[in-house]
Amino acid sequence: MKIETTDYQIAPLHEQEKVIDIIQQTETRLAELTGSPITLIAYSKTEGEKKL
C-alpha cells in the first residue's frame, strides 16, 4: 500500500511515553485477536496539500 499525502505527517511522539505505551498495548491486543502482528502508525493532521 502506498499513500502519498502532505495532509498528514508522522506524529511527533518522542517524550510521550504514556501515548507510546497505549499504542504498544493496543498493537499487542490486536495481534492476539487477529493472530497476526499488527503495527499502528500515528499520524497528525497538517495543513499541507494532497498529492495526486
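In this text the structure is predicted, and so the values were computed from the model without any measurement.

It is worth spelling out the overall build of the protein at this point. Helix and strand counts for the protein come out as one helix and two strands. Sequence-ordered secondary structure for the protein, helices as α and strands as β, is β-α-β. Counting the 52 residues in the protein, one finds 8% classified as buried. Restricting to contacts in the protein with at least 6 residues of sequence separation, those with at least 24 account for 70%. Summing over all exposed atoms, the protein offers an accessible surface of approximately 4800 Å²; the carbon and sulfur share of this is 54%.

Within the secondary structure, Thr46 sits in the segment after strand S2 (43–45). Within the structure, the side chain of Thr46 is placed 2.3 Å from the backbone oxygen of Thr6, a separation counted as a polar contact. Not counting the four nearest positions on each side in its chain, Thr46 is found in contact with Thr6, Asp7, Tyr8 and Gln9.

An ideal rise of 1.5 Å per residue puts 26 Å on 18 residues; helix H1 (residues 17–34) measures up with 26 Å between its terminal C-alpha atoms. Among the residues trailing H1, Gly35 stands out with phi positive, at a value near 80 degrees.

Our focus in this paragraph is the environment of Thr46. Owing to a relative accessible area of 18%, Thr46 belongs among the buried residues under this scheme. As a C-alpha pair, Thr46 and Tyr8 span 38 residues in sequence and 5.1 Å in three-dimensional space.

Criteria and cut-off values
Residues numbered from 1 in each chain as written. Predicted model: local features only at pLDDT ≥ 70, side-chain atom pairs only at ≥ 80, totals over all residues. Heavy atoms only, no water. Helix = DSSP H or I, 4+ residues; strand = E, 2+ residues; numbered from the N terminus. Buried < 20%, exposed > 50% of the residue type's maximum accessible area, 1.4 Å probe, protein only. Contact = heavy atoms within 4.5 Å. Areas by Shrake-Rupley, 256 points an atom, 1.4 Å probe, with all protein chains shown as cover. Polar contact = N/O pair within 3.5 Å; in protein donor to acceptor, adjacent residues only side chain to side chain. Expected span 1.5 Å × (residues − 1).

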